[in-house]
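Structural overview
Single-letter residue listing:
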Amino acid sequence: MKRFASLRRTVARAGIVAAIFAFTLAAHATDSQDIAPSLQLTRVGSMPASAKPTGIPDDYVITPNGYFSPDCVATVHPGDRLQANGVIHRASGVMERAATCTKPNFTLSGERIEANGTHTFTHTPPPAQSGWVQAANYTSSKPIGRIVATWTVPSAPSTKSNQVIYFFPGLEQLPTVQSILQPVLGWNGYNDQAWTLASWNCCVDGTTFHSDPIPARTGDVVVGDTYSTCAAGQACSTWKIDSRNTTTGRTSSLTTNPYADLTWVFGGVLEVYNVATCGQYPGGPITFSNIQVYDRNNTRVSNPPWQGSNTSGIDPQCGYGLSTTATSATLSY
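As a further point, take the pairing of strand β17 (residues 208–211). Burial along β17 is two-sided: the residues Thr208 and His210 and Phe209 and Ser211 are all buried. Strand direction decides the pairing type here: strand β5 (residues 73–76) and β17, joined by four bridges, are parallel. Bridge pairing links alanine 74 to phenylalanine 209 in β17. Bridge count between strand β16 (residues 195–202) and β17: three bridges; the pairing is antiparallel. In the strand pairing of β17, cysteine 202 is matched with threonine 208.

Formed by 46 residues in total, the largest nonpolar core has its most connected members in Phe167, Leu270 and Tyr281. Beyond its immediate chain neighbours, meaning those up to four positions away, phenylalanine 167 contacts Trp151, Pro154, Pro183, Val184, Leu185, Trp195, Val269, Leu270, Pro282, Ile286, Phe288 and Tyr333. Among the nonpolar cores identified, the runner-up in size contains 32 residues, and Tyr166, Val177, Tyr190 and Trp200 belong to it.

We now examine the packing of aromatic side chains. For the structure shown, the criterion picks out 12 aromatic pairs. Their ring planes at 80° and their centres at 5.4 Å tell us that tyrosine 67 and tyrosine 273 sit as a pair that is edge-to-face. Separated by 206 residues along the polypeptide, tyrosine 67 in strand β4 (residues 66–68) and tyrosine 273 in strand β22 (residues 264–275) bring together distant segments of the chain. The pair formed by tyrosine 67 and tyrosine 273 is uniform in burial state, with each residue classed as buried. Consider the rings of tryptophan 132 and phenylalanine 168, whose centres lie 5.6 Å apart with planes at 75°: the pair is edge-to-face.

Enumeration over the complete set of coordinates arrives at two disulfides. Paired by a disulfide, cysteine 230 and cysteine 236 hold their sulfur atoms 2.1 Å apart. Every disulfide takes its handedness from the sign of the S-S torsion; for cysteine 230 and cysteine 236 that torsion is 65°, giving right-handed. We classify cysteine 236 as buried; its relative accessible area is 10%.

The rules behind each value
Here the residue numbers are simple positions, counted from 1 along each chain's written sequence. Side-chain atom pairs in this predicted model are given and counted only at pLDDT of 80 or more, local residue features only at pLDDT of at least 70, and totals for whole chains, interfaces and linings cover all residues. Water and hydrogen atoms play no part in the side-chain values, which are based on all heavy atoms of the structure. Categorising residues by exposure relies on relative accessible area from a 1.4 Å probe, with only protein chains included: less than 20% of the type maximum marks a residue as buried, more than 50% marks it as exposed, and the intermediate range marks it as partly exposed. Going along the chain from the N terminus, every DSSP run of H or I of four or more residues is numbered as a helix, and every run of E of two or more is numbered as a strand. A pair of strands is labelled paired if DSSP reports no fewer than 2 bridges between them. Residues belong to a common nonpolar core when they are buried Ala, Val, Leu, Ile, Met, Phe, Trp, Tyr or Cys residues joined through side-chain atoms within 4.5 Å. Two residues form a contact once any of their heavy atoms are found within 4.5 Å. For this analysis, a ring pair means two rings from Phe, Tyr or Trp (six-membered ring only for Trp) whose centres lie within 6.5 Å, classed as stacked if their planes differ by under 30 degrees, edge-to-face if by over 60, and tilted for the remaining angles. Two cysteine sulfur atoms form a disulfide, by the criterion used here, when they sit within 2.5 Å.

In structure tokens form, the structure reads like this:
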């Protein structure tokens, strides 16, 4: 995520709130119906010292939005709804708010952000690549009401280590980023050396929320759909983020508030942690296809002006490239 490392700093401006909850990952539809053990996000302590910025506690976890204390990540379960004030309206009717977290969080490059949002100092970035490697994106002059994209789960990395890989389309605000809504396909996101899908919203008031993960496998077809649930033309406070595995028929959904108009559009992003060799990338290239972007009036954007990022300074160099059409973004590596 180097570009874009600066952009990630904007996304993660505050300390984190809430509590992480245990959850269960169901077996793939083609497997037995046995329930897998409870999973937790990959911890910084699982990474070699050479692959992480200095000063980040080993018990912190790796998310698509940087390094957070596990006390400061919240799971929104099926049927729950995340409200604008950070309260989770549980499916049972219970309204739940965790105590404010006073611990700092860290950007992908290791910059420390205190609970009050101030940046105290910057750590030396690790020698292994961590950051947004590529992102097909553009800025919209009108608020966006929906983005949907399809992609296929690639083969696992040939070199399996402690790296974490994320792919997603998404939406943010500009000029002031308050949150990022993203349906995410991750490899080793739960220290499992496997593919999983979950939906995320980060980081209003420093809180990062995600849905319960579901499994995915190489060759599965994924649809990421982020959309307003209100009528056309309305500024909507209730959005859904669906991470859908069409091969298995399972969906991991997050019902949430966008917190402000969404005008920064991402058709496809590759984000990595702890990649030191090209073999640590999954099979590529990967194509986000059938990308459809709609404005608030439910009018489809006919030709999104996709732009990319400068990958010339990324180490290791792995043949990075980006090609786009009106409805696709192919990320090469």
